[in-house]
Amino acid sequence: MYVGVTSWVYQNFLDRGYHIVSWSYRLAPIASIKDMVEDGQDAFAWCRANLERIIPVDIDAYAVGGDSAGGALATLMGGILTPPPRAVLDDQGITDLSDPWFDEHPDPPTPYTGEFTEAEIAAAVAERDLSKALIGCGMDPTQTEEDVRKEFKSSTVKFGRAERLQLEVRRALAEKSAWVRSTVHPEKYSSEEEIKAAQRQWSSLHRLVGMTSYPPTFFLHGAADDCVPVTQSQRMAEKLRAMGVPVGEHYEPGVGHCFNHHYTVGFQR
């Protein structure tokens, strides 16, 4: 199972005889990290109930992976799913939502398109009706639907007003250092301590406390990532290794977030 599939995943995994099931999840700030994990659990349950009727697979012989936010979900699922995955691939994912780094390093401001009023953006930031949550959007509010379809090599992906508003919400929260916090719906809590506790509750690094086992895990990260610091992967790798879990790591020098999205051909065997 892979949370959102980039081109290098298709090429390299399919060439090696793996089947890929890609699942989506509802986006913050409407959906919380708990809602996103539940989406993953629903996808897993569907696979166990249906996949063997579609393709000849050993339903227990599976791995889970993802990149960026998908990597964060993959490491959470690694400690939640039963039976557990045979392996976890964390590709530049957040492992600690409570890391002060996120409060100290907001994303740099991005140009505002001017399409929405401040009231519309504020209402979208505060919205919690899960029926209105999106499961995907592009990376640039100035893109057209045609641009996004070319980028993702899809003739069906949607990119309209709702998706552009989602990006403006992301921009507004990032400039206030609130994007990561939004995943736990901080308005539900009465103090900063309670918010941090909720973030730790839904962080794969902190959920390792008290665990006696965890699947073998590989971490892939850009060493110059200024969106999700490479220390997120390194700290969890260190913790897993101390637990006796087999761990692999590759930190690509000099590159930032999503550095590997440009791969389109398989690695040399």
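The coordinates are above.
Described in the following lines is the structure provided in the data block. Since the structure is predicted, the reported quantities are computational estimates derived from the model, not experimental observations.

**Brief notes about the nonpolar core**
By size, the foremost hydrophobic cluster in this structure holds 39 residues, and its most contacted members are Trp 23 and Leu 73. Elements supplying a minimum of two residues to this core: helix 2 (33-54), helix 3 (69-78), helix 4 (101-104), helix 9 (192-201) and helix 11 (231-242). Setting aside anything within four residues of it in sequence, one finds Leu 73 in contact with Val 3, Trp 23, Tyr 25, Ile 33, Met 36 and Val 37. The next biggest cluster of nonpolar side chains, apart from the first, holds eight residues, and it includes Ile 121, Val 169, Ala 172 and Ala 178.

**Remarks on the pairing of strand 5 (residues 217-222)**
Within strand 5, five of the six residues are buried, which leaves the element mostly enclosed by the surrounding structure. By the bridge criterion, four bridges tie strand 4 (residues 87-91) to strand 5 in an arrangement that is parallel. Pairing of Asp 90 across the sheet is with Phe 219, part of strand 5. In this structure, strand 5 lies alongside strand 6 (residues 247-252), joined through six bridges in parallel fashion. Each bridged residue has a counterpart across the sheet, and for Leu 220 the counterpart in strand 6 is His 250. Crossover handedness for the path strand 5 to helix 11 to strand 6: right-handed.

**Brief notes about the pattern of salt bridges**
Scanning the model with the defined rule gives 16 salt bridges in all. Between Glu 145 and Arg 149 there is a salt bridge whose closest N-O contact spans 3.3 Å. Pair noted here: Glu 145 and Arg 149 are both in helix 6 (residues 145-151), with a separation of four residues, about one helical turn. Classification of Arg 149 by relative accessible area gives partly exposed; the value is 24%. Notably, a salt bridge pairs Lys 150 with Glu 146, separated by 3.5 Å at the nearest N-O pair. In this pair, Lys 150 and Glu 146 both sit in helix 6, four residues apart, roughly one turn of the helix. Exposure class is identical for Lys 150 and Glu 146. Each is exposed.

**Regarding the side chain of Asp 35**
In this structure, Asp 35 sits in helix 2. Buried Asp 35, no salt bridge; nearest opposite-charge side chain is Arg 26, N-O distance 4.5 Å. In this structure the side chain of Asp 35 is engaged in a polar contact, spanning 2.9 Å, whose partner is the backbone nitrogen of Ser 32. Each residue touching Asp 35, except ones within four places of it in the same chain, is listed here: Arg 26, Ile 30, Leu 130 and His 185.

**Notes on unusual backbone geometry**
Note that the residue after Ala 28, namely Pro 29, is joined by a cis bond; omega there is 5 degrees. In this structure, Pro 29 sits in the loop between strand 2 (22-23) and helix 2. Residue Thr 82 is joined to Pro 83 through a cis peptide bond whose omega torsion reads -5 degrees. Mapping Pro 83 onto the fold places it in the loop between helix 3 and strand 4. For Gln 92, which is not glycine, the phi dihedral falls at a positive 55 degrees. Mapping Gln 92 onto the fold places it in the loop between strand 4 and helix 4. In this structure Gln 92 comes out as buried when scored by relative accessible area, which is 0%. Not every positive phi belongs to a glycine, and His 185 is a case in point at roughly 50 degrees. Relative to the helices and strands, His 185 resides in the loop between helix 8 (179-182) and helix 9. When its relative accessible area of 9% is taken as the criterion, His 185 is described as buried.

Quick notes on the rules
- One numbering rule holds for all chains: residues counted from 1, following each sequence as written.
- Thresholds applied to this predicted model are a pLDDT of at least 70 for local features of residues and 80 or more for the giving and counting of side-chain atom pairs; totals over whole chains, interfaces and linings are not thresholded and use all residues.
- Water and hydrogen atoms were dropped before computing side-chain values, which therefore reflect all heavy atoms in the structure.
- By nonpolar core we mean a set of buried residues, namely Ala, Val, Leu, Ile, Met, Phe, Trp, Tyr and Cys, connected to one another through side-chain atoms within 4.5 Å.
- For every residue, the accessible area obtained with a 1.4 Å probe (protein chains only) is divided by the maximum for its type, and the residue is called buried under 20%, exposed over 50%, and partly exposed between those limits.
- What counts as a helix is a DSSP run of H or I of at least four residues, what counts as a strand is a run of E of at least two, and both are numbered from the N terminus.
- Throughout, a residue-residue contact means that at least one pair of heavy atoms, one from each residue, lies within 4.5 Å.
- The pairing criterion is simple: DSSP has to find at least two bridges between the two strands.
- With the strands aimed away from the viewer, a crossover counts as right-handed if its path from the first strand over the helix to the second runs clockwise.
- One speaks of a salt bridge when a side-chain nitrogen belonging to Lys or Arg is within 4 Å of a carboxyl oxygen belonging to Asp or Glu.
- Asp and Glu count as negative and Lys and Arg as positive, but His and the ends of the chain are not part of the count.
- In the analysis that follows, any N or O atom pair within 3.5 Å is treated as a polar contact, provided that within protein one partner can donate a hydrogen and the other can accept it, and provided that, for residues neighboring in sequence, both atoms belong to side chains.

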